[in-house]
Structure formats: structure tokens, C-alpha cells
Amino acid sequence: MKFFADTADIDDIKELAATGLLDGVTTNPSLIAKSGRDFMEVTKEICSIVDGPVSAEVVALDHETMMKEAEVLRKIADNVCIKVPLTIDGLKTCKALTEDGTMVNVTLCFSANQALLAAKAGATFISPFVGRHDDNGFNGMELIEDIRLIYDNYMFETEILVASVRHVTHVLESARIGADVMTAPPKVIKALFNHVLTDKGIEGFLKDWQATGQSIV
Ligand code: E4P
């Protein structure tokens, strides 16, 4: 499963990229606002740090303006992936862009039927929002299971990008189901490394090692 960071924070992206485990980045208008940076400038900087897809979202609601915005955004770098909302105009834009060889991430997906539409429109990625789904009394991971089943039934190549990830269990469940990608806030990705028994084990080994009085280097 690929790991994308769901952030526009450059320091966090650099830190995660240095682990060699970061496959891409997703941003949205709220994350850009949170960064306090200019959209074009920060997106360009992210694209220079990460080799994989970097999602940059359009803000227009109509197809014609979405296409104009996508035209500007895709010139930022070769690894820009245009993010469009799951609406009729968003999917028209998705079809036009993917037919032209541009990567498209269809966002704000909350049902398996919506995911089916996105795949038919040729989306590179579909982003079901599991956290927001859970917040509203639904089961986010059941949505991922349904989409996996449908995409496998018809051999759609659209990648399932689990979004709105809130905790490490969302990541584990995504991997169990066979999602292609998950995007998570840096704090969730960093939490994946942690285990109390790892910390305790290191502490014990170090204590015993120090008692030997030896050094490796
Ligand atoms: C990513 O593509 C989405 O925009 C993001 O995961 C949404 O997360 P949130 O529900 O925590 O805002």
C-alpha cells in the first residue's frame, strides 16, 4: 500500500520523505489555508521534495473553469495530480483530463456508487473519506470494502486512495482490505512507528549493552 501525506506543511513533508516511505502528498484548500503559504508556491515546493503524485485541488464548481484551473495547476510540475470534487462537472473534468494523460484524484467520495462513477470517468485515484464517514454515523471501512469489491469485479484500474484517515487502525484496515493508497496526517504516519514494547525492548538492550563496557564504533 502506498503512503501519501495529507498536509501542505513543508517541514513535515521533508521529515517523512527522509524516511524513504513517502509515496506522494495530498492537499486540499483547507490544508493550503492552514499552511499560510501561496498555493502555487507551496505546491511547487512539495512537488520538488516528493517524486510521487502531489494532489492539488481545483476550487471552481463548473467544468469550464475547472479545466482552466487544471491547466494552470498541471504546469506546476510533472507530478501534479489534479483533484476534482465528485460532482457531474468534476467527473466531466476528470474524463477530459485523464484522456489527455493527466493524473486525476476524485475527492469527497462518500458512497460506492460515487466511486463507480469516478472509475467510469477514468479517475487515477478515488478518495473515499473514511473519517468524515465515521463522524456521520456510517462505517468508513465498509465503504472501502465495497469499493474494493466493485473495482475488482470490473477490473477498474482506478486506485483506491483512503482519505480522511484519523488513526492507525484506519491504516491497518485499509491494508487488510487491499486499498492501493492511504493518505494520512503526518502525526498518524509517525504514530505507525510506535509500539511500547519496541521502546521497552530498546531500553533493556541498551542497559545490558552498557554493562558490557563495549562499543561498536
Ligand atoms: C485528502 O485528500 C482529503 O482532503 C483529506 O484526507 C480530508 O481529511 P479530513 O476529513 O481530516 O479533513
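Residues numbered from 1 in each chain as written. Predicted model: local features only at pLDDT ≥ 70, side-chain atom pairs only at ≥ 80, totals over all residues. Heavy atoms only, no water.

## As for the side chain of Ser127
Here comes step 1: Take Ser127: it is sitting in strand β6 (residues 125-128).
Here comes step 2: Engagement of the side chain of Ser127 in a polar contact is seen with the side chain of Asn105, the distance being 2.7 Å.
Here comes step 3: Apart from residues lying up to four places away in sequence, Ser127 is in contact with Asn105, Val106, Thr107, Leu108, Cys109, Leu161 and Ala163. (Helix = DSSP H or I, 4+ residues; strand = E, 2+ residues; numbered from the N terminus. Polar contact = N/O pair within 3.5 Å; in protein donor to acceptor, adjacent residues only side chain to side chain. Contact = heavy atoms within 4.5 Å.)

## Describing the nonpolar core
Here comes step 1: Within the largest apolar cluster, 55 residues are counted, with the highest numbers of intra-cluster contacts made by Val106 and Ile126.
Here comes step 2: Counting residues per element, this core draws most heavily on helix α8 (residues 140-154), at six residues.
Here comes step 3: Among residues more than four places away in sequence, those in contact with Ile126 are Leu86, Asn105, Val106, Cys109, Ala115, Ala118, Tyr151, Thr158, Glu159, Ile160 and Leu161.
Here comes step 4: Within the second largest apolar cluster, five residues are counted, among which are Phe4, Cys81, Leu161 and Val181. (Core = buried A, V, L, I, M, F, W, Y, C linked by side-chain atoms within 4.5 Å. Buried < 20%, exposed > 50% of the residue type's maximum accessible area, 1.4 Å probe, protein only.)

## Concerning the site of the ligand
Here comes step 1: In the vicinity of the ligand, the contacting residues are Asp6, Thr26, Asn28, Lys83, Phe129, Arg132, Ala163, Ser164 and Arg166.
Here comes step 2: Take Asp6: an N or O atom from its side chain is 2.6 Å from an oxygen atom of the ligand.
Here comes step 3: Contact between the ligand and Asn28: an oxygen atom at 2.7 Å from a side-chain N or O atom of the residue.
Here comes step 4: Protein coverage of the free-state accessible area of the ligand, which is 350 Å², stands at 85%.
Here comes step 5: Among the cavities detected, the one that contains the ligand is the largest pocket.
Here comes step 6: Looking at the shell around the ligand, its residues break down into two nonpolar, three polar and four charged. (Near = heavy atom within 4 Å. Areas by Shrake-Rupley, 256 points an atom, 1.4 Å probe, with all protein chains shown as cover. 1 Å grid on protein atoms, 1.4 Å probe; cavity = no way out; pocket = protein on both sides within 12 Å on 5 of 7 lines; lining within 4 Å. Sits in = over half its atoms within 2 Å of the grid points. Nonpolar A, V, L, I, M, F, W, Y, C, P; charged D, E, K, R; others polar.)

## Re the side chain of Thr27
Here comes step 1: The topology assignment puts Thr27 in the loop between β2 (24-26) and α2 (29-35).
Here comes step 2: For Thr27, a relative accessible area of 1% gives the class buried.
Here comes step 3: Among the polar contacts made by the side chain of Thr27, one reaches the main-chain carbonyl oxygen of Ser55 at a distance of 2.7 Å.
Here comes step 4: The residues touching Thr27, leaving out its near neighbours within four places in the chain, are Thr7, Ala8, Ile32, Ile46, Ser55, Ala56, Glu57 and Lys83.

## A look at the layout of surface pockets
Here comes step 1: Approximately 550 Å³ is the volume found for the largest pocket.
Here comes step 2: Asp6, Thr7, Leu31, Lys34 and Pro185 are the residues nearest the centre of the largest pocket, which is lined by 27 residues in total.
Here comes step 3: Looking at the lining of the largest pocket, the elements that each hand over two or more residues are α1 (10-17), α2 and α10 (186-191).
Here comes step 4: Ranked by residue count, the leading element in the lining of the largest pocket is α2, at four residues.
Here comes step 5: Among the residues making up the lining of the largest pocket, the classes are represented as nine nonpolar, nine polar and nine charged. (Points joined across faces, edges and corners; volume = space filled by probe spheres on them.)

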